[in-house]
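An overview of the molecular structure
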Amino acid sequence: MASQTQTADTDEQFKQLRELFADAPEVGKAALERVLTELKSQASVTPPPPVESAGRVGSRLGKVSELTILVPLAPGGAKRLRAFLQLLNGNLAGADKVGTVHDMRFVFLDNDTRMLFATTFDGDWDPYIDDFIAKIPDYLDIIDSAWDGWPGIRDPGAKDYLAAHQVTAEGWYVGNPDLTVADIRRLKRIGKAVDTFLDAVGD
């Protein structure tokens, strides 16, 4: 019965999509029909894990969560932050101290008046921010002081500021949603050990 209900829901979603795409360019309509046909054929396959909430804000897929912030820059903030990022020469390895960060991106927008900051991390939102507060607060304040109205990471309102500027992703893909940063590092160590062992055996 649940499967029949799910099929009916999917059919309704397909119908709504076709209606929404009625005035789309022909290339979009044709692509939609091909994708819907492919999705129908995948109906019997076990679906990937669903996207869930990362806590206060943001999405989580498996063990990995996303954080995307769109924030206005303070006067002179872009210049200061760009100079700091250039000093680091693109090396943001300080984030390794947090231990759960997969990646980070800083993108200056609209003639240096706004910034897009995006990252992926392990676990839920609040513990992730708490790790930054505990482990690299000064780095965070150097970076985020470029943002208009940033209160400082030690301020009780810091989390509210971050949450107010975060935009939750509507769609999001994670290649390995069950692998944390710690898992990836462990697998790399195992891989190196296996390679060393095979090299020794081969000699």
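Everything below is about the structure printed above this text.
Description of the structure in this document. (Residues numbered from 1 in each chain as written. Predicted model: local features only at pLDDT ≥ 70, side-chain atom pairs only at ≥ 80, totals over all residues. Heavy atoms only, no water.)

This paragraph deals with the overall build of the chain. Per the secondary structure count, the chain includes 7 helices and 5 strands. In the chain, the order of α-helices and β-strands from amino to carboxyl end is α-α-β-β-β-α-β-β-α-α-α-α. In terms of overall dimensions, the chain is more spread out than a globule: its C-alpha atoms have a radius of gyration of 22 Å, far above the 17 Å expected for 203 residues. By principal-axis analysis of the C-alpha atoms, the chain measures approximately 60 × 55 × 35 Å. Sorting the 203 residues of the chain into buried and exposed places 30% on the buried side. In the chain, 64% of the contacts between residues at least 6 apart in sequence involve partners at least 24 apart. (Helix = DSSP H or I, 4+ residues; strand = E, 2+ residues; numbered from the N terminus. Rg over C-alpha atoms; globule rule 2.2 N^0.38 Å. Buried < 20%, exposed > 50% of the residue type's maximum accessible area, 1.4 Å probe, protein only. Contact = heavy atoms within 4.5 Å.)

For the rest of this paragraph, the subject is the pairing of strand S5 (residues 114–122). Counting buried positions over the 9 residues of S5 gives 7, a clear majority of the element. Note: strand S3 (residues 64–72) against S5, 9 bridges, orientation antiparallel. Bridge pairing in S5 links Val64 to Asp122. The pairing of strand S4 (residues 101–109) with S5 spans 8 bridges and is classified as antiparallel. Bridge assignment links Arg105 to a residue of S5, and that residue is Ala118. (Pairing = 2+ DSSP bridges.)

Looking now at the side chain of Asp141. As for its position among the elements, Asp141 is in helix H5 (residues 137–144). On the accessibility criterion, Asp141 (19% relative accessible area) is buried. Side-chain polar atoms of Asp141 contact the side chain of Trp150, separated by 2.8 Å. Leaving out residues up to four positions away in the same chain, Asp141 has contacts with Trp150, Gly152, Ile153 and Arg154. (Polar contact = N/O pair within 3.5 Å; in protein donor to acceptor, adjacent residues only side chain to side chain.)

Bringing a nonpolar patch on the surface into the picture now. Residues Leu187, Ile190, Val194 and Leu198 make up a contiguous nonpolar surface patch of about 340 Å² in total accessible area. Counting through the fold element by element, Leu198 comes out in helix H7 (residues 181–202). (Patch = residues over 30% accessible without salt bridge, like charges linked within 9 Å, V, L, I, M, F, W, Y side chains within 5 Å. Areas by Shrake-Rupley, 256 points an atom, 1.4 Å probe, with all protein chains shown as cover. Salt bridge = Lys/Arg side-chain N within 4 Å of Asp/Glu carboxyl O.)

What follows deals with the side chain of Asp122. Within the fold, Asp122 resides in strand S5. Among the polar contacts made by the side chain of Asp122, one reaches the side chain of His102 at a distance of 2.6 Å. Separated by 2.7 Å, the side chain of Asp122 and the backbone nitrogen of Val181 make a polar contact. Non-local contacts of Asp122, meaning those with residues more than four positions away in its chain, are made with Lys63, Val64, Thr100, His102, Leu179, Thr180, Val181 and Ala182.

Let us look at the pattern of salt bridges. Under the defined criterion, the tally for this structure stands at 17 salt bridges. The partner of Asp110 in a salt bridge is Arg114, and the shortest N-O contact between them spans 2.7 Å. A relative accessible area of 33% places Arg114 in the partly exposed class.

Quick look at the sheet that holds strand S2 (residues 59–61) now. Across the sheet, which stays open at both edges, the 5 strands sit in the order S1-S2-S3-S5-S4 with antiparallel pairing between neighbours. Sheet topology places strand S1 (52–53) and S4 at the edges, where each strand pairs with a single neighbour.

In this structure the tally under the stated criterion is 8 aromatic pairs. Ring centres 5.0 Å apart and planes at 45° place the aromatic pair Phe106 and Phe117 in the tilted group. Taken together, the positions of Phe106 in strand S4 and Phe117 in strand S5 put the pair 11 residues apart, joining distant regions of the chain. Each member of the pair, Phe106 together with Phe117, is buried. Relative to Tyr161, the ring of Trp147 lies with its centre 6.5 Å away and its plane at 15°, an arrangement referred to as stacked. In this pair, Trp147 is assigned in the loop between H5 and helix H6 (158–165) and Tyr161 in helix H6, connecting sequence segments 14 residues apart. (Phe/Tyr/Trp six-rings, centres within 6.5 Å; stacked < 30°, edge-to-face > 60°.)

This part is about helix H3 (residues 77–87). Buried within H3 we find Gly77, Ala78, Leu81, Phe84 and Leu85. Taken around the axis of H3, the buried residues stretch over an arc of 135°, which confines them to a single face. Opposite the packed face of H3, turned more than 90 degrees from it, sit the exposed residues Lys79, Gln86 and Leu87. Looking at the buried residues of H3, the elements they touch are S4, S5 and H5. Of the residues trailing H3, Asn89 is marked for its positive phi of about 55°. (Arc of directions from axis to C-beta.)

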